[in-house]
Amino acid sequence: MIAVQPVNRTVTSGQSTTFTVDAGTNPAVTIQWQRRPFGSTNFENLVEGGSYRGVRTTTLVVSSTAPATSGDEFRAVITNATRTVTSATVVLTVTGGEAALFQYPAGIAGDAVGNLYVADSFSNTIRKITPDGLVSTLAGSPGMAGSQNGNGISALFNQPAGVAVDAAGNVYVADTGNAVIRKIAPDGTVTTLAGTANSRGNRDDLGSAASFGSPAGIAVDTAGNLYVADAFNATIRKITPAGLVSTLAGSATNRGVTDATGSAARFNFPSGVAVDAAGTVYVADTGNATIRKITAAGAVTTLAGLPGVSGRDNGTGMFALFNQPFGLTVDAAGNVFVADTANSTIRRITQAGVVTTPASVPGIAGLENGPGNNALFNQPRGVVVVAGRIFVADTGNATIRQIAANNDVSTPAMVATPAARQTTPPGGTTTPPAPAPAGGGSSGGGGAPRPVFLGLLALLGAGRHWFNRTRKQKLAP
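This text gives an overview of the structure that appears in the document.

## Considerations on the overall build of the protein
Along the backbone of the protein there are two helices and 37 strands. Across the 477 residues that make up the protein, the buried fraction comes to 56%. If you sum the accessible surface of the protein, you get close to 18,300 Å²; carbon and sulfur atoms cover 52% of it.

Have a look at this one:
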C-alpha cells in the first residue's frame, strides 16, 4: 500500500524540513501524521498550524526546528476503505544552537499558546520559553538587581520568585526582593502594579499605597484578579486588575494552623498559590507542611497534609505528608500538583484529598529522566500544567523538566537567543544553598545573590515546638 516511505531528516536549528509518504490514490486514502516527542512513549496526532503544515497530506512540513525537537519521531497513518497501515517511523535530528542555561529557576507559568515563563531568581530576570524550546529574556537584566520599570532588559527585578500569566498575555511577577508585584505587558513593558519597592508591610490599599512582606507565589484567575502568597506576613492577598489590594485570608504576622474564614484563618509562611476556573484558591502552606484550600468567600480548609509534621507518605487528607511544599498548580480536572521541595518530588492531589507521587522518588535528589518513579528531581520549586503536560522548575538542577501524561519525565532541549544566554552564579554552582540556621534569614551583600524568599526556610524550624501540642491533639484518638 505504501510506495514511498518517509526518511530520517537532519537539519540545522531554525531550518524547516519535510517528511513525505506515497500511498497512491487508488483506492482513495486518508493520511494522518503523528509525532512522538523524544523521551515519550506514545504517538500523538498532529494538528494543522504552528510548526506543522500538511498534517493530513502526503508531505508534512516541520518549520522552526529547535534543539527541543531533536530526537522526535514521526510517522503517517494511512487508511483506505479496507484497511489501515502505518508508515516507517522516522527521526528528526536538529543540530546547532547554544543550550540555554538557568541560574535558579524558582517560579514557572504558561500561557494559552504553550509559551512558558520562568522567574529566574538568581539572575533577576523573567525568561520566556517557546513551545519549540527557544529561550529568551522577556524582562530584566541578567545579574543586575533593582526596581526600575522600563522595557525588556532596561527593567530591573530583585530576586523574583513567582510568575503568572493572564488571558491577555500579561505576565505578573512576585518581585520578592523588592516586596512588590510587577506587570509585564506583551510588548515587554514593565510597570509596578502594587506596592512600593523596598517598603515592606501589610497594608491593604490601592497600588503603591499597599505593602507586602515577602510576596512569593502568585496566580491569576479568569477575571484577572491576582492572588499572592505573602510568606512572611502569613497571608493570602488579592489584587484586582485596577491594583486594589486586600487580604483574602490570614492575619498579618499571626502564624498558625487554623482553618476558618478570612482573618480568623492562620497560615505559616505560605509560599505557593494557584487558582482554578471556579475561583477556588490553593495554597502551599510551607511552614505547616500542608496544602490549604480557600473558597471565594475566604473560607479556609486543609486539603492534605498534617500541620507541623513533615514526611513523604502518600494517603488521603491528613494521612498524607509533605516536606516544605512550595509551588503548586491545578489542572482542568481539578487535580492539584505540588512541588514538594524538600522531598525533591512532584505530588498529585485529587479533589478528594488523595495524594500520590506520579514521578520521582520522595526524599532522593538527583537528575534522572525516565518513567515515573525511575526519575529524580532536585528541590523543585515551581510547577505548571500546559496542554496536558506538567512542567517543573527543577531548581536544584537549574533546569526545566517535563512530565508527560504517562508520567515519563524528560529534560527538553532548549536553545538560547544570544541575549538570553546565562551563566552559573559566581563559584560555578547552581545548587541551591542549604537552609540557614533558625534566625538567619537576612541576606548579606556581595557574592551570589540569595533569594529573600528562601529566608522563610530559616524560620521554619523555629516554629516546630509551637506545633507539638497541635500535632498531639490531631493524632490523639
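## Details of the packing of aromatic side chains
Summed over all chains, the structure comprises four aromatic pairs. Look at F232 and F269: their rings are 5.6 Å apart centre to centre, the planes differ by 85°, and that puts the pair in the edge-to-face class. Here F232 is found in the loop between β20 (226-230) and β21 (235-239), whereas its partner F269 is found in the loop between β22 (245-249) and β23 (270-275), with 37 residues between them in sequence. F269 sits in the buried class, given a relative accessible area of 3%.

## Quick look at the environment of P37
Along the chain, P37 turns up in the loop between β3 (30-36) and β4 (44-45). Here the alpha-carbon distance between P37 and E73, two residues 36 residues apart in the chain, equals 6.5 Å. Those residues in contact with P37 that sit more than four places away from it in its chain are N42, D72 and R389.

## Some remarks on the pairing of β3
A large share of β3 lies buried, amounting to five of its seven residues. Inspection of the sheet shows β3 paired to strand β7 (residues 73-79) by seven bridges, in the antiparallel sense. Residue Q34 lies in a different strand from β7, and its bridge partner there is R75. When β3 meets β4, the two strands line up antiparallel, connected through two bridges. Across the sheet, Q34 pairs through a bridge with N45, a residue of β4.

## Focus: the sheet that holds strand β29 (residues 336-340)
Pairing is antiparallel in the open sheet, where five strands are placed in the order β27-β31-β30-β29-β28. Bordering the open sheet on either side are β27 (315-316) and β28 (325-330), each of which pairs with just one other strand. Looking at chain direction, β28 and β29 are connected through four bridges and run antiparallel. Within β29, the residue paired with L328 across the bridge is V338.

## Quick look at the pairing of β29
In terms of burial, β29 is largely enclosed, as five of its five residues are buried. Across the two faces of β29 the burial is the same, with V336, V338 and D340 and F337 and A339 all buried. As consecutive antiparallel partners, β28 and β29 are separated by five residues, and within that stretch G334 has a phi angle of approximately 90°, a positive value. Examined bridge by bridge, β29 and strand β30 (residues 345-349) share five bridges and lie antiparallel to one another. Counterpart to F337 in the pairing with β30 is R348. Hairpin connection, β29 to β30: the antiparallel pair is bridged by four residues, and S344 has positive phi, about 50°.

## Examining unusual backbone geometry
Of note, the phi angle at T253 is positive, near 65°, even though the residue is not glycine. Within the secondary structure, T253 sits in the loop between β22 and β23. We classify T253 as partly exposed; its relative accessible area is 45%. Of note, S360 is a non-glycine position whose phi angle comes to about 90°, a positive value. Topologically, S360 is positioned in the loop between β31 (354-359) and β32 (370-371).

Parameters at a glance
Residues numbered from 1 in each chain as written. Predicted model: local features only at pLDDT ≥ 70, side-chain atom pairs only at ≥ 80, totals over all residues. Heavy atoms only, no water. Helix = DSSP H or I, 4+ residues; strand = E, 2+ residues; numbered from the N terminus. Buried < 20%, exposed > 50% of the residue type's maximum accessible area, 1.4 Å probe, protein only. Areas by Shrake-Rupley, 256 points an atom, 1.4 Å probe, with all protein chains shown as cover. Phe/Tyr/Trp six-rings, centres within 6.5 Å; stacked < 30°, edge-to-face > 60°. Contact = heavy atoms within 4.5 Å. Pairing = 2+ DSSP bridges.

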